[in-house]
Amino acid sequence: MPNVITDRKTTTATRTERPRLYKVILLNDDFTPREFVVQVLRRVFRITEAESDVVMMTAHQRGACVVAVFTREVAEMKVQQANDLGREHGYPLAFTSEKEE
Ligand code: NFA
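What comes next concerns the included structure. Quick caveat, the model's predicted, so the values are computed rather than measured.

**Focus: the sheet that holds strand E3 (residues 94–99)**
Where strands meet in a sheet, backbone hydrogen bonds hold them as pairs that are either parallel or antiparallel.
Turning to step 1, where the next piece is worked out: With respect to topology, three strands assemble into an open sheet ordered E2-E1-E3, the strand pairing being antiparallel. In the strand order of this sheet, the two ends are held by strand E2 (64–71) and E3, each with one partner. Each adjacent strand pair in this sheet contributes to an overall mean axis angle of 30°, direction not counted.
Turning to step 2, where the next piece is worked out: The pairing of strand E1 (residues 21–27) with E2 spans seven bridges and is classified as antiparallel.

What follows is the structure, encoded as structure tokens:
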């Protein structure tokens, strides 16, 4: 019987990458009431009234404001929930998500 080597070993190197994060952005519009925007921000993003006010006013004055960053799935879910709330009340309120560099 020839000498056959059967005990080859496999080594696996593991490299863990950080998940890419996505910004959720609030866009200004001319129709959605300020107070409604604040309530949606509080409900969907669980931020305080004071923080919601700053985010809402920043979007109002500058056109857009980053609300928070999340993994892609969570960002997309929050955008959907917030946009649905606006639609349910007949407002054009718009949130979007964008990959962070
Ligand atoms: N611009 C809106 C208004 O004057 C308020 C608003 C702020 C809407 C931020 C959307 C986003 N009623």
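**Structural notes on the nonpolar core**
Turning to step 1, where the next piece is worked out: In terms of nonpolar packing, the biggest core is built from 23 residues, with Val 24, Leu 26, Val 40, Leu 41, Phe 45, Val 67 and Phe 95 touching the most fellow members.
Turning to step 2, where the next piece is worked out: Broken down by secondary-structure element, the contributors of at least two residues to this core are E1, helix H1 (34–45), helix H2 (49–62), E2 and helix H3 (72–88).
Turning to step 3, where the next piece is worked out: If one sorts the elements of this core by residue count, H1 sits on top with seven residues.
Turning to step 4, where the next piece is worked out: Discounting residues that sit within four places of it in the chain, Leu 41 has contacts with Leu 26, Arg 46, Ile 47, Ser 52, Val 55, Met 56, Val 67 and Phe 95.

Thresholds, definitions, all that
Here, residues in each chain are numbered from 1, in the same order as that chain's written sequence. Thresholds applied to this predicted model are a pLDDT of at least 70 for local features of residues and 80 or more for the giving and counting of side-chain atom pairs; totals over whole chains, interfaces and linings are not thresholded and use all residues. Hydrogens and waters are ignored; side-chain quantities use all the structure's heavy atoms. We call two strands paired when DSSP finds no fewer than two bridges between them. Counting from the N terminus, the helices are the DSSP runs of H or I reaching at least four residues and the strands are the DSSP runs of E reaching at least two. Simply put, an axis is a line fit to the C-alpha atoms, just over the touching stretch for a helix, and the angle between two N-to-C directions goes from 0 to 180 degrees. Each nonpolar core is a collection of buried residues, namely Ala, Val, Leu, Ile, Met, Phe, Trp, Tyr and Cys, held together in the definition by side-chain atoms within 4.5 Å. The buried label goes to any residue with under 20% of its type's maximum accessible area, the exposed label to any with over 50%, and the partly exposed label to all in between, with areas taken from a 1.4 Å probe on protein chains only. Contacts are assigned to residue pairs with any non-hydrogen atoms lying within 4.5 Å of each other.

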